[in-house]
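Chain by chain, the residues run as shown.
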Amino acid sequence: MKSRNILIVESKSGTTGNLGNTLKGMAYSVKVLNFRNDDIRAAVEEFLPDALIVDMSVYADKNIIAKATLIQAEYNVPVIYFTEAINSRTLYQTMKTNHYGYIYTPYDESTLQTTIELALHKHKNDMSVRQSELKYKELFNNMTSGVAVYDLIEFGTQYVFSEVNNAACQLLKRNKEELIGRQMSDIYVNAEKYGFISALKMVQDTSEPMRMDCLYYEDSTIHGWYNTYLYKLPTGSMVHIFHDITEQVEAEKKLKDKQKELEMLNLELAKAVVEETDKRKKNEQIIFEQSRFLAMGQMISAIAHQWRQPLSALGINIEDLEDAYHAGELDEKYIHDLVKDSMVLIKTISNTMDDLKNFFKSGHGVEKFTVSRILQEVYSLQQAQMHKFGIEFVLDYQASGQHISSKDAEIYDALENARPICISGVPAEFKQVIINLLNNAVDAIGESGRTNGTIKLTLSLESNRLNIHVSDNGCGIRSDLVNKIFEPYFSTKENGSGIGLYMSKVIVEEHMGGNLSAASLPVGAMLSVSLPVCRD
């Protein structure tokens, strides 16, 4: 057991007899003072006693009780009175003090220890209760919700305020002095009208708690919306917990009004978006068609150049046929060779027409297709234009461990043997993108005045994405124009339309979920396309 400090205060030296020695023998730490001669306060502060035993013998000074009571209250030290017997004089002097028992002579050690330990235990419990009460009061008075306790009077027909917290005073717009002891009906003048009295009586009769959400109350002093909770204490008192939600209710009402306004705005906005989207799609389709017709003009010019050679050869064959007739050289072998040679020339022209026809097929459905097939069709259309301007075309194709590097006439066959890369989109749109990028490169080389122009088309796979780079050694792009070249109707070329690259960006990014960007190179420029690859 932990050693206890016991301070004995005698009215005269020796009036408690052998009490001090007895307590020491019981393992208590003991200090004995004389009430008249010693400073009790100083001793308490120095010795820090767990209990104070005060002599109440017949010789005791009447002031000793008052002194002991003050020390008990000030230092939280329990007081036990020592007396020869509990008589009327002792009871009268001590009954108004919160003492913790008596030790009276004669005593035995067992009774003495029991009295002291019970006093210490009771004092510990009292301190715990006091701390709980302080915490309760602190919590009660600092709650944000109002709390009022009503006692019943007049045989349970009336309710009076017995306790209120600070929040309740604020909500009821009165101080505690104006509320405690007042009848509830004096404060809540319209309690009956708004159903509050009937709710209280129901809880009183059934002892079942009741919650009332969003209850409205109004009188000349109080008005607003409240969340209310009522319950009955075991003593019969009624507890009323209430919280002002007027601001919340009004805010919710305003919010609902705003939501209705927002819904109307959303409907109007949705309508406007649908109309604008439809308008934009029509505009994009017009721009797309314009882009294709511009590309057609460039390709027809190149095709016309490409046709001159086979047409000239056909003309020569026809003239030679007349000369051979007059010279007598027109035999079966001559006619066979002439027809065979002429058909090769005609097939060359026919293939060019087929390529041109395929380019203008108007398919709009999204499908999976191989990149190499589209590149073959584009190359068939573009090779004449590149040949016309003396531009070398280089292909670098890397996919699934295969690396193909070819140029000019070898490209078509190289693409035929390339391992397929599958992407999703509208084939005609993707074809238009590649043609626009190549035409842009051809124009850039033309503007630079180079006679040894080169266009390189690089394809590679990286993290399930296809990367396509079209680079040239043309005039390049100024750094301040790199991002502007994709704006509609913006062009750095004197007679440029400014729709090719804009349309290409729309197709790649909005229709195919990819990315189209431009970069300036030390010599020339590079346009890059990144697209997701189809999964098997």
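This section reports on the structure supplied with the text. (Residues numbered from 1 in each chain as written. Predicted model: local features only at pLDDT ≥ 70, side-chain atom pairs only at ≥ 80, totals over all residues. Heavy atoms only, no water.)

## Examining the overall build of the protein chain
For clarity, the cut-off: In DSSP terms, a helix is any run of H or I states spanning at least four residues, a strand is any run of E spanning at least two, and both are numbered starting from the N terminus. The cut-offs for exposure are 20% and 50% of the maximum accessible area for each residue type, with area from a 1.4 Å probe on protein chains only; residues under the lower value are buried, those over the upper are exposed, and the others partly exposed. The contact criterion used throughout is that any non-hydrogen atoms of two residues lie within 4.5 Å. In this description, accessible areas are obtained by the Shrake-Rupley approach with a 1.4 Å probe, and a residue is regarded as covered only by the protein chains that are shown.
When helices and strands are tallied, the protein chain shows 15 helices and 18 strands. Within the span of the protein chain, comprising 536 residues, buried residues form 41% of the whole. Nonlocal contacts in the protein chain, meaning residues at least 24 apart in sequence, comprise 61% of its contacts between residues at least 6 apart. On the protein chain, roughly 30600 Å² of surface is accessible, and the fraction owed to carbon and sulfur atoms is 53%.

## A word on the state of the cysteines
We count it as follows: Cysteine sulfur pairs qualify as disulfides if the two atoms are within 2.5 Å.
On inspection of all chains with the given rule, the structure shows zero disulfides. Looking at C534, it has no disulfide partner, and the nearest cysteine sulfur is the one in C422, 3.8 Å off.

## Observations regarding the environment of E429
Positionally, E429 belongs in helix 14 (residues 427-448). Spatially, the C-alpha atoms of E429 and H511 are 9.0 Å apart, while their sequence positions differ by 82 residues.

## Digging into the environment of L311
The residue L311 is located in helix 10 (residues 246-327) in this model. The partly exposed category is assigned to L311, whose relative accessible area is 46%. Sequence spacing of L311 and S342 is 31 residues, and the spatial spacing of their C-alpha atoms is 9.6 Å.

## Let's talk about the side chain of H123
Residue position: H123 is located in helix 5 (residues 109-142). In contact with H123, other than residues within four places in its own chain, are N76, V77, P78 and Y100.

## Describing unusual backbone geometry
The linkage connecting T105 with the following residue, P106, adopts the cis geometry, with an omega of -5°. If you trace the backbone, P106 turns up in the loop between strand 5 (102-104) and helix 5. Positive phi values are uncommon outside glycine, yet A27 reaches one of about 75°. Despite not being glycine, N464 shows a phi value in the positive range, around 60°.

## Considerations on the pattern of salt bridges
Working definition: two side chains of opposite charge can pair if their charged atoms are close together. Formally: When a carboxyl oxygen of Asp or Glu lies within 4 Å of a side-chain nitrogen of Lys or Arg, that pair is called a salt bridge.
Per the counting criterion, the structure on display carries 13 salt bridges. A salt bridge links E74 to R41; the shortest N-O distance between them is 2.5 Å. Here the residue E74 occupies a position in helix 3 (residues 63-75), and R41 occupies one in helix 2 (residues 40-47), the gap between them amounting to 33 residues. The partly exposed category is assigned to E74, whose relative accessible area is 46%. For R41, a relative accessible area of 29% translates into the label partly exposed. Close ionic contact of R478 with D480 constitutes a salt bridge, the shortest N to O distance being 2.8 Å.

## As for a negative patch on the surface
Put simply, the test is: Patch membership needs two things, relative accessible area over 30% and no salt bridge, and members are linked within 9 Å if like-charged or within 5 Å if nonpolar (Val, Leu, Ile, Met, Phe, Trp, Tyr). When charges are counted, Lys and Arg are positive and Asp and Glu negative, with His and the chain ends excluded. To locate a charge, take NZ of a lysine, CZ of an arginine, CG of an aspartate or CD of a glutamate.
Residues E319, D320, E322, D323, E329, D331 and E332 make up a contiguous surface patch of negative charge. At four residues, the largest contribution of residues to the negative patch is made by helix 10. Structurally, E329 can be placed in the loop between helix 10 and helix 11 (332-359). E329 sits in the partly exposed class, given a relative accessible area of 49%.

## Here's the deal with the nonpolar core
Across soluble globular proteins, nonpolar side chains have a tendency to be buried as a group. Convention followed: Definition used in this section: a nonpolar core is a set of buried Ala, Val, Leu, Ile, Met, Phe, Trp, Tyr and Cys residues joined via side-chain atoms within 4.5 Å.
Y397, F430, I455 and L459 are the most contacted members of the largest nonpolar core, which has 54 residues in total. By residue number, the principal contributor to this core is helix 14, which donates nine residues. Setting aside anything within four residues of it in sequence, one finds L459 in contact with V371, L375, L395, D396, Y397, Q398, L466, N467 and I468. Judged by nonpolar contacts, the second largest core, of 28 residues, contains V164, A199, L200 and Y217.

## Digging into the sheet that holds strand 9 (residues 223-232)
Formally: The pairing criterion is simple: DSSP has to find at least two bridges between the two strands. Inter-axis angles, ranging from 0 to 180 degrees, are taken between N-to-C directions of lines fitted to C-alpha atoms, where helices are fitted over the stretch in contact.
The five strands lie next to each other as 7-6-10-9-8, forming an open sheet whose pairing is antiparallel. On the outer flanks of this sheet lie strand 7 (158-164) and strand 8 (210-218), each paired with one strand and no other. Strand-to-strand twist of the sheet, defined as the mean angle between neighbouring strand axes without regard to direction, takes the value 35°. Two strands pair when backbone bridges link them, and strand 6 (residues 146-153) and strand 10 (residues 238-244) are joined in this way by five bridges, in the antiparallel orientation.

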